[in-house]
Amino acid sequence: MRIVIFGNTYREAVSTCVRRVVDHLRQRNVTFLFDKVLYDAVGSQLELDREQVEIVTTDCFTADLALSIGGDGTFLTTASRVGDKQIPMLGINTGRLGFLADVVDEGIPEALDAFLHGDYMIEERTLLQVETSDGSVLEHPYALNEVAVLKQDSSSMISINTSVNGEMVHTYMADGLLVSTPTGSTAYSLSVGGPILVPQVHSLLLSPVSSHSLNVRPLIVPDTWSIDLEVCSRNGAYQVSLDGRSKVLDQHVRLRISKAAHTVHMVKQKNYTFFDTLKNKLMWGVDKRSIH
């Protein structure tokens, strides 16, 4: 079995989690593929034979499982590295919230054993794809959480002409606009007042950021529809951010956002439910009056 491991080297707990993973699988005929930055940081602590290790420096690799060790940001980065390979991804959380990376440190052996024994579920998550009108190259034109179109400076709002499925819907006057997947509905979109969508919903979510109009609300559309955005900015530019990977574009560059042809395959334990995650991570539905 081949397991590729990515991790956030800025968190001290990552090295402990990597050692726990390696120690648990050391005798299981596993080849470990390490992102080079991660291996440079923790490799000397692992005591692995050279034939058990491969170093990953590009996105050209094959594996049976991808491990993301860090927070949700690390999981998003891992998803971009996995790309369209359809490799199942398991997130081990050393961050704070952990919506995507939901396996805690003490649960690592159980989660790994469940995968090895085939006792798990695969949850497919929608990805967004971004195309630019002038062919501007985006390093990785896919997003698991959201595509954010934002003002490039702090001086004034932008206007965003928004068409959905070929029909002009609205011109948002705001600091920005988010186009989110159901996965991203609990991320940036939630912080600007967007609704929570369960992962199985086949929809996309449009949420304005600091809208100038109080009667503009988030909008949910089918994920089979494309979304076209045209931005007008006082300084002639705007910022597009795909899961936090940002680039400044000229305002004449239009964007088309649609559902990608491939999905992210997330490994979930069979006792997992999305609503348990909401309750545990967001204290969703908890009545503080009942807590003593």
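The coordinates are above.
In this convention, every chain numbers its residues from 1, walking through the sequence in written order. Thresholds applied to this predicted model are a pLDDT of at least 70 for local features of residues and 80 or more for the giving and counting of side-chain atom pairs; totals over whole chains, interfaces and linings are not thresholded and use all residues. Only hydrogens and water are set aside when side-chain values are computed; all heavy atoms of the structure are taken into account.

J.: Let's hear about the overall build of the chain: which residues, and what values?
T.: Along the backbone of the chain there are six helices and 17 strands. Computation of the radius of gyration draws on C-alpha atoms alone. For the globule rule, the value is 2.2 Å times the number of residues to the power 0.38. Taken against the 2.2 N^0.38 rule, which gives 19 Å for 292 residues, the C-alpha radius of gyration of the chain at 20 Å falls within 12% of a compact globule. For the chain, the spread of C-alpha atoms along the principal axes amounts to about 60 × 50 × 35 Å. Buried, partly exposed and exposed residues are distinguished by accessible area as a fraction of the type maximum, computed with a 1.4 Å probe on protein chains only: under 20%, between the cut-offs, and over 50%, respectively. A burial count over the chain gives 50% of its 292 residues as buried. By definition, residues are in contact when any of their heavy atoms lie within 4.5 Å. Residue pairs in contact within the chain that sit at least 24 positions apart in sequence constitute 66% of those at least 6 positions apart. All accessible areas in this document rest on Shrake-Rupley with a 1.4 Å probe, and a residue is counted as covered only by the protein chains that are shown. Total accessible area on the chain stands at roughly 14,200 Å², and carbon and sulfur atoms take up 48% of it. Taking the average location of the 26 positive side-chain charges in the chain and that of its 34 negative ones, the two points are 4 Å from each other. Labels follow the DSSP assignment, with helices taken as runs of H or I lasting at least four residues and strands as runs of E lasting at least two, numbered in each case from the N terminus. Positive: Lys, Arg. Negative: Asp, Glu. His and the chain ends are not part of the count. Lys charges are placed at NZ, Arg charges at CZ, Asp charges at CG and Glu charges at CD.

J.: Lay out the side chain of Thr78 in plain terms, naming residues and giving numbers.
T.: Inspection of the secondary structure puts Thr78 in helix 3 (residues 72–82). For Thr78, a relative accessible area of 1% gives the class buried. Those residues in contact with Thr78 that sit more than four places away from it in its chain are Phe6, Ala66, Ser68 and Met89.

J.: So what about the layout of surface pockets? Which residues, and what values?
T.: Within this scheme a cavity is a closed region of a 1 Å grid, computed over the protein atoms alone, that accommodates a 1.4 Å probe without allowing it to escape, whereas a pocket is open but has protein on both sides within 12 Å along at least five of seven lines; lining residues each have an atom within 4 Å of a point. Grid points are joined across faces, edges and corners, and a volume is the space filled by probe spheres set on the points. As a volume, the largest pocket reaches approximately 620 Å³. Around the largest pocket, the lining is made up of 38 residues, and of these Gly71, Asp72, Gly73, Thr74 and Leu76 lie nearest the centre. For the lining of the largest pocket, the elements supplying multiple residues, two or more each, are strand 1 (2–7), helix 2 (36–42), helix 3 and helix 6 (274–282). Ranked by residues supplied to the lining of the largest pocket, first place goes to helix 3 with seven residues. In this classification, the charged set is Asp, Glu, Lys and Arg, the nonpolar set is Ala, Val, Leu, Ile, Met, Phe, Trp, Tyr, Cys and Pro, and all remaining amino acids, among them Gly, are polar. Of the residues in the lining of the largest pocket, the class split is 13 nonpolar, 16 polar and nine charged. Here the second largest pocket defines a volume of roughly 400 Å³. By residue number, the principal contributor to the lining of the second largest pocket is helix 6, which donates four residues. Among the residues making up the lining of the second largest pocket, the classes are represented as six nonpolar, six polar and five charged.

J.: Tell me about helix 6, and please be specific about residues and values.
T.: Of all the positions in helix 6, only Phe274, Thr277 and Leu278 are classed as buried. Across the axial projection of helix 6, the buried residues extend over an arc of 100°, all falling on one side. When we speak of the arc, we mean the arc of directions from the helix axis to the C-beta atoms.

J.: Quick one: what's the story with empty space enclosed by the protein, residue by residue and with numbers?
T.: Within this structure, the stated rule accounts for one cavity of 30 Å³ or more. The volume enclosed by the largest cavity comes to roughly 60 Å³. Along the walls of the largest cavity sit 13 residues, with Ala79, Ser80, Leu127, His140 and Tyr142 positioned nearest its centre. Every element with two or more residues in the lining of the largest cavity is listed here: helix 3, strand 7 (142–143) and strand 17 (255–269). Of all the elements, helix 3 adds the most residues to the lining of the largest cavity, at three residues. Considering only residue class, the lining of the largest cavity consists of seven nonpolar, four polar and two charged.

J.: Explain the nonpolar core to me, using residue names and the numbers behind them.
T.: For this analysis, a nonpolar core means a set of buried residues of the types Ala, Val, Leu, Ile, Met, Phe, Trp, Tyr and Cys, connected via side-chain atoms within 4.5 Å. One finds Ile5, Val18, Val21, Phe34 and Leu67 to be the most contacted residues of the largest nonpolar core, which totals 27 residues. Mapped onto this core, the elements with two or more residues apiece are strand 1, helix 1 (12–25), strand 2 (31–35), helix 2, strand 4 (65–70), strand 5 (89–93) and helix 4 (108–116). Counting residues per element, this core draws most heavily on helix 1, which supplies six residues. Setting aside residues up to four positions removed in sequence, Val18 forms contacts with Phe34, Leu38, Val42, Leu46 and Ile69. Membership of the second largest hydrophobic core comes to 26 residues, among which are Val147, Tyr172, Ile227 and Leu255.

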